[in-house]
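Next come the chains, spelled out residue by residue.
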Amino acid sequence: MKIESITSSVHRLPPASPWEDATNKVQALEFVVVEVTTDTGISGTGFSYSVDIGGTAIRTLIEDYLSNLAIGMDPLAYEQVWSRLSNQSRRLGLGVNSMAIAAIDVAIWDIIGKHRGEPLHRLLGGARDSIPAYISEINLASSDRAEDLQARARDYLQRGYRAVKIKIGRPDLEEDIERLTKIREVLPADVRLMVDLNQKWSAAQAIQAAGRLEKFNLEWIEEPLLYHDVQGHADLKRSTRTPIALGESLYSKYQFLNYLRAGAVDIVQADVAFVGGITEWLKVAHLASSFGKPIAPHYMMELSLPLLCAVPNGFMLEDVVGGSLTELGLLENPIETRNGIGTPLDVPGHGIVFNKTALEACRATSQDVKQTFSGGSK
Ligand SMILES: [Mg+2]
């Protein structure tokens, strides 16, 4: 089998509900969608994304360089394609290139699944048929009152979720504690509660705060510190019995290895789009497994779902409020969790089919992006 062509496009749209965390207010998500065709007539859809900026840079890397490197290669030899794209873009560091490689890699796995007639979760291991999902809020806006938080929590319970993640990281820790107290009041004891700091705290602050948070029996504290502070996370982990989750800001298996070796992480949250696609994500998952750590990937719900069901250490699926491709109106057929459980589609490949009209409506060229950002980011 040979890759014949790769087309790519950028699509920019706001989250389906406002997103604001302790360190960032999200204006838009940018999805880079690729279509890879082969000489057998089988084609695959791939995608990657960035938050607020970078979509057109990812697309340019694909369009001008990576697609030409991949054309003519055998997609079934996915390691060869991945290595070639990775080696050729090594000088760029990590980030834009791993996000670009991811889009092509996801399309290649779609092709492999279709060629073998297997859904992705079975093709990659078939560890389970479904996975529990957690509802994940990005709502730390100053107008967000504790009463609103409680009302939303009741709604999540009614929809069947047994795990809830909220943002904390207000300037005053007492406000975070107040919010957690309010939400714990409405969540039954067996419902898991997680918090996400988006790298807000220093190690010293986190060690102090984690002690105060222990009474809430949190399932995990996510990204408490800057993403590169391995030592700080290790120090924090030794100081608290609450598990530490991170990984959405790491871009390769080697970065995860550093955290795992240092004993600085409990729950591994690799994002399939950021680490370079499914090929590298699987290696991160198996690496985590060899350290006895569960994986609970960041975002990318529709794609994380089959991946979590493939590997033995799959833990929980993140269902971000306002962020699924279904909620964004981008899919031909909805892919949703039901009663707090995600079940992969039983079709060959990943089964994610974009709605062409919806994609067209939010297509963004370099010119569009320049116009959006003229006068500075809003
Ligand atoms: Mg997070």
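Keep in mind that this is a model prediction, so the values were computed, not measured.

Chemist: Help me understand the overall build of the protein in this model?
Modeler: Per the secondary structure count, the protein includes 13 helices and 13 strands. Computed over the C-alpha atoms, the radius of gyration of the protein is 20 Å, within 12% of the 21 Å expected from 2.2 N^0.38 for a compact globule of 378 residues. Each principal axis of the C-alpha distribution contributes one length, and for the protein these read about 60 × 50 × 40 Å. Taken over 378 residues, the protein has a buried fraction of 48%. Contacts in the protein between residues far apart in sequence, at least 24 positions, make up 72% of those at least 6 positions apart.

Chemist: Help me out: how do you make sense of the nonpolar core in this one?
Modeler: One recurring pattern in soluble globular proteins is that nonpolar side chains are buried together. Core analysis: the biggest nonpolar cluster contains 108 residues, and Val32, Val34, Ala103 and Ile104 have the highest contact counts within it. Two domains each donate at least three residues to this core, and these are domain 1 (3–118 + 355–373) and domain 2 (121–342). If we ignore the near neighbours within four places in the chain, the residues touching Ala103 are Val32, Val34, Gly46, Phe47, Ser48 and Ile62.

Chemist: So what exactly am I meant to see when it comes to the packing of helix 9 (residues 253–261) against helix 10 (residues 278–290) here?
Modeler: Packed helices, taken two at a time, are described by their axes: the angle between them and the distance between them. Contact pair helix 9 / helix 10: the axes reach a minimum separation of 9 Å and the direction vectors enclose 15°. One element, helix 9, and the other, helix 10, form an angle in the roughly parallel class. For the crossing formed where helix 9 meets helix 10, the hand is right-handed. Contacts between helix 9 and helix 10 pair Lys253, Phe256, Leu257 and Leu260 from the former with Glu280, Lys283, Val284, Leu287 and Ala288 from the latter. Looking at the contact of helix 9 with helix 10 residue by residue, the class counts come to six nonpolar, no polar and three charged.

Chemist: Hey, could you run me through the sheet that holds strand 4 (residues 29–38) in this one?
Modeler: By way of backbone hydrogen bonds, the strands of a sheet pair with one another, either parallel or antiparallel. Overall, antiparallel pairing links the three strands, which are arranged 1-4-5 in an open sheet. Strand pairing shows two members of the sheet lacking a second neighbour, strand 1 (3–13) and strand 5 (43–51), which therefore form its edges. On average, adjacent strands in this sheet sit at an angle of 15° to one another, irrespective of strand direction. With 10 bridges connecting them, strand 1 and strand 4 associate as antiparallel partners. Residue pairing across strands places Ile3 opposite Thr38, the latter belonging to strand 4. Contacts between helix 1 (residues 55–70) and the sheet are confined to strand 1, strand 4 and strand 5, with strand 1 contributing the most and set at about 180° to the helix. Taken strand by strand, helix 3 (residues 96–116) contacts strand 1, strand 4 and strand 5, and its axis lies near 150° from that of strand 5.

Chemist: I keep staring at the domain arrangement of the protein and nothing clicks. Help me out?
Modeler: One widely used convention gives an interface's size as the accessible area the parts lose upon coming together. According to the domain assignment, the protein consists of domain 1 (3–118 + 355–373) and domain 2 (121–342). For domain 1 versus domain 2, the distance between C-alpha centres works out to 24 Å. Each side of the interface is counted separately: domain 1 has 33 residues, and domain 2 has 34 residues. Among the elements of the structure, strand 2 (19–20), strand 5, helix 2 (78–88), helix 3 and helix 12 (356–361) are those that each provide at least two residues to the side of domain 1 that touches domain 2.

Chemist: In this structure, what is going on with helix 5 (residues 146–158)? I would like to understand it.
Modeler: Residues lying three or four places apart along an α-helix face the same way, a consequence of the helix completing one turn every 3.6 residues. Helix length check: helix 5, at 13 residues, gives a terminal C-alpha distance of 19 Å against a target of 18 Å (1.5 Å per residue), a fit within 8%. Turning to helix 5, its buried residues are Leu149, Ala153 and Tyr156. For helix 5, the arc enclosing every buried residue in end-on projection is 60°, short of the 170-degree limit, so these residues lie on one face. What points out from helix 5, more than 90 degrees from its buried face, is the exposed set Glu147, Ala151, Arg154, Asp155 and Gln158. In the segment just after helix 5, Gly160 is the residue with positive phi, at about 100°.

Chemist: It is not clear to me how the packing of helix 2 against helix 3 should be interpreted in this structure. Could you clarify?
Modeler: Contact geometry for helix 2 and helix 3: axes closest at 11 Å, N-to-C directions at 170°. On the basis of their axis angle, the class for helix 2 and helix 3 is roughly antiparallel. Residues Tyr78, Val81, Trp82, Leu85 and Ser86 of helix 2 pack against Ile101, Ile104, Asp105, Ile108 and Ile112 of helix 3. Residue composition of the contact of helix 2 with helix 3, grouped by class: eight nonpolar, one polar and one charged.

Each value, and the rule that gives it
- Residues numbered from 1 in each chain as written.
- Predicted model: local features only at pLDDT ≥ 70, side-chain atom pairs only at ≥ 80, totals over all residues.
- Helix = DSSP H or I, 4+ residues; strand = E, 2+ residues; numbered from the N terminus.
- Rg over C-alpha atoms; globule rule 2.2 N^0.38 Å.
- Buried ≥ 20, exposed ≤ 12 C-beta atoms within 10 Å, placed from the backbone.
- Contact = placed C-beta atoms within 7 Å.
- Core = buried A, V, L, I, M, F, W, Y, C linked by C-beta atoms within 7 Å.
- Domains from an automatic or database assignment.
- Axes fitted to C-alpha atoms, helices over the stretch in contact; angles between N-to-C directions.
- Parallel < 35°, antiparallel > 145°, perpendicular 65-115°, else oblique.
- Left-handed = near helix turned anticlockwise from the far one by under 90°.
- Nonpolar A, V, L, I, M, F, W, Y, C, P; charged D, E, K, R; others polar.
- Pairing = 2+ DSSP bridges.
- Expected span 1.5 Å × (residues − 1).
- Arc of directions from axis to C-beta.

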